[in-house]
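One-letter residues, chain by chain:
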Amino acid sequence: MGLGALLQAEAEQELERAARQLARPGEERHQGIHQARKSIRRVRALLALAGGAFSATPSVKRLDASLRSLCRGLSALRDADALRDALLHLSRDAVIGPIECERLCAFVAVVRARRLATALARDPDFARRRSRLRQAQSRLALLPWAQVRDADVEAAQSLSRKRLRKALKQARGSADAEAWHTLRRRLRRLRQQESTLARIAPQTDRSTTGIAELAERMGRAQDHALLLARCRRSGVFPARDRAMLRRLVEPLYQSAKGDAVEALSRPL
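This report concerns the structure included in the present document.

Conventions we followed
- All residue numbers refer to positions counted from 1 along the written sequence of the respective chain.
- The predicted origin of the model limits local features to residues at a pLDDT of at least 70 and limits the giving and counting of side-chain atom pairs to 80 or more, whereas totals for whole chains, interfaces and linings rest on all residues.
- Side-chain figures throughout are based on the complete set of non-hydrogen atoms in the structure, without hydrogens or water.
- To qualify as a helix, a DSSP run of H or I must reach at least 4 residues; to qualify as a strand, a run of E must reach at least 2; elements of each kind are numbered from the N terminus.
- As defined in this context, the radius of gyration uses C-alpha atoms, and a globule is described by 2.2 Å times the residue total to the power 0.38.
- When accessible area is computed with a 1.4 Å probe and restricted to protein chains, residues below 20% of their type maximum are described as buried, those above 50% as exposed, and intermediate ones as partly exposed.
- The contact criterion used is simple: two residues touch if any of their non-hydrogen atoms lie within 4.5 Å.
- In this description, accessible areas are obtained by the Shrake-Rupley approach with a 1.4 Å probe, and a residue is regarded as covered only by the protein chains that are shown.
- Here the positive residues are Lys and Arg and the negative ones are Asp and Glu; neither His nor the chain ends is included.
- A single reference atom marks each charge: NZ on Lys, CZ on Arg, CG on Asp, CD on Glu.
- To estimate the expected span of a helix, subtract one from its residue number and multiply by 1.5 Å.
- Joining through side-chain atoms within 4.5 Å is the link that ties buried Ala, Val, Leu, Ile, Met, Phe, Trp, Tyr and Cys residues into a set, and such a set is a nonpolar core.
- In this analysis, axes come from line fits to C-alpha atoms, helices being fitted only over the stretch in contact, and the angle between any two N-to-C directions falls in the range 0 to 180 degrees.
- Oblique is the label for any angle not covered by the other classes, which are roughly parallel (under 35 degrees), roughly antiparallel (over 145) and roughly perpendicular (65 to 115).
- Helix crossings get a hand from a simple test, with the near helix turned counterclockwise from the far one by less than a right angle marking a left-handed crossing and a clockwise turn marking a right-handed one.
- Residue classes follow a fixed rule: Ala, Val, Leu, Ile, Met, Phe, Trp, Tyr, Cys and Pro count as nonpolar, while Asp, Glu, Lys and Arg count as charged, and any other residue, Gly among them, counts as polar.
- Centres within 6.5 Å are what make two rings of Phe, Tyr or Trp a pair, Trp counting through its six-membered ring; a difference in plane orientation under 30 degrees is then read as stacked, over 60 as edge-to-face, and the rest as tilted.
- Grid points spaced at 1 Å and placed over the protein atoms alone form the basis of the search, with a cavity being a set where a 1.4 Å probe fits but cannot get out and a pocket an open set showing protein on both sides within 12 Å along at least five of seven lines. Lining residues have an atom within 4 Å of a point.
- Grid points are joined across faces, edges and corners, and a volume is the space filled by probe spheres set on the points.

## Comments concerning the overall build of the protein
So, step 1. Secondary structure summary: the protein contains 10 helices and zero strands in total.
So, step 2. At 20 Å, the protein has a C-alpha radius of gyration in line with the 18 Å of a compact globule built from 268 residues.
So, step 3. Seen through its principal axes, the protein has C-alpha atoms that stretch 60 × 50 × 30 Å.
So, step 4. Every one of the 268 residues in the protein was classed for burial, and the buried ones make up 45%.
So, step 5. For the protein, the share of sequence-separated contacts (at least 6 apart) that also reach a separation of at least 24 residues comes to 75%.
So, step 6. Of the accessible surface of the protein, which amounts to about 13,800 Å², a share of 51% is contributed by carbon and sulfur atoms.
So, step 7. Distance from the positive charge centre (54 side chains) to the negative charge centre (29 side chains) of the protein: 6 Å.

What follows is the structure in structure tokens.
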């Protein structure tokens, strides 16, 4: 089986998985949303890996735009869940106690449940979103996967590395949140591409040294940044709790960001 066919099979499986995850019931729906977004992002990363083989296929851009829209439409639902995860990490690291964590998570649970209820009222059982994923599967099957060659994938991966290095350069020494956000997106895409290639074509080493450590350090900084963002405005936590969390999390964020900056200084 050629590399194009292998990439197609991976993409199809990820779309099927995303649809299944969105159909998870009850409280499992929150985790399903998280997993569905991850699968959608992987599909977009795989489409990008086809590179030049798809350059003359306009439907690829339309499919990618549709998947991006689906993912963004679920982002507000995932944000509340990510906030809960960040609090659990604080408890795990003994920054706050388990009772305090449970109390704070109760505030997040209210927001999380309200957002999910609103989304399901507009799209019961996420039927419309799952239908869009099935349509994406049909469109995916029509793409010229047989034309994808090893050289196309290598060129696409080189482009992903180039874009990551450009984002690294822009993020070094910058306090611009958008520069860091762009860096995280570039880093995530390259990791998704390389993990897929390591699984379906293990005979070739396409790994980029240092990106796993960089991703881990940036992930820790992002957890703290998310909490701080919610503590600078009302909406989730009472004022007293926002002040307490800012006091605890700000030094952790600065430390984690310093670790990330140190990792940025190393060549990839």
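## Overview of helix α7 (residues 150–171)
So, step 1. For α7, built from 22 residues, the straight-helix expectation of 32 Å at 1.5 Å per residue is met to within 8% by its first-to-last C-alpha distance of 31 Å.
So, step 2. Regarding α7, the residues found buried are D152, V153, A156, Q157, S160, R161, L164, A167, L168 and A171.
So, step 3. Where α7 is buried, its residues touch α1 (3–22), α2 (28–49), α8 (177–200), α9 (211–231) and α10 (239–264).

## Concerning the nonpolar core
So, step 1. Among the nonpolar cores identified, the biggest contains 38 residues, and L47, F54 and L67 are the most heavily contacted of them.
So, step 2. Taken together, the elements giving at least two residues each to this core come down to α1, α2, α3 (58–73), α5 (98–122), α6 (127–141), α7 and α8.

## Thoughts on the packing of α2 against α3
So, step 1. It is the contact of α2 with α3, at a shortest axis distance of 10 Å, that shows an interaxial angle of 160 degrees. With respect to their mutual orientation, α2 and α3 come out roughly antiparallel. Crossing geometry of α2 relative to α3 is assigned as left-handed. Judged by residue contacts, R37, I40, R41, V43, R44 and L47 of α2 engage L63, D64, L67, R68, L70 and C71 from α3.
So, step 2. For the contact of α2 with α3, the class distribution of residues is seven nonpolar, no polar and five charged.

## Remarks on helix α4 (residues 75–92)
So, step 1. In this model, α4 (18 residues) spans 25 Å end to end at C-alpha, consistent with the 26 Å of a helix rising 1.5 Å per residue.
So, step 2. Within α4 the residues assigned to the buried category are L77, R78, A80, D81, A82, L83, A86, L87 and L90.
So, step 3. Those residues of α4 that are buried lie in contact with α2, α5, α9 and α10.
So, step 4. Directly beyond the C-terminal end of α4, a positive phi value near 65 degrees is found at A94.

## Details of the packing of aromatic side chains
So, step 1. The full count for this structure, using the stated rule, is two aromatic pairs.
So, step 2. Both rings, one in F54 and one in W145, keep their centres 5.0 Å apart while their planes meet at 80 degrees; by these two values the pair is edge-to-face. Remark: W145 occurs in the loop between α6 and α7 and F54 occurs in the loop between α2 and α3; sequence separation between them is 91 residues. Just as F54 is buried, W145 falls in that class too.

## Structural notes on the layout of surface pockets
So, step 1. There is about 190 Å³ of room inside the second largest pocket.
So, step 2. Forming the walls of the second largest pocket are 13 residues, and the residues nearest its centre are R92, D93, R220, H224 and A256.
So, step 3. Breaking the lining of the second largest pocket down by element, the ones donating at least two residues are α4, α9 and α10.
So, step 4. Residues of the lining of the second largest pocket, tallied by class, amount to five nonpolar, three polar and five charged.

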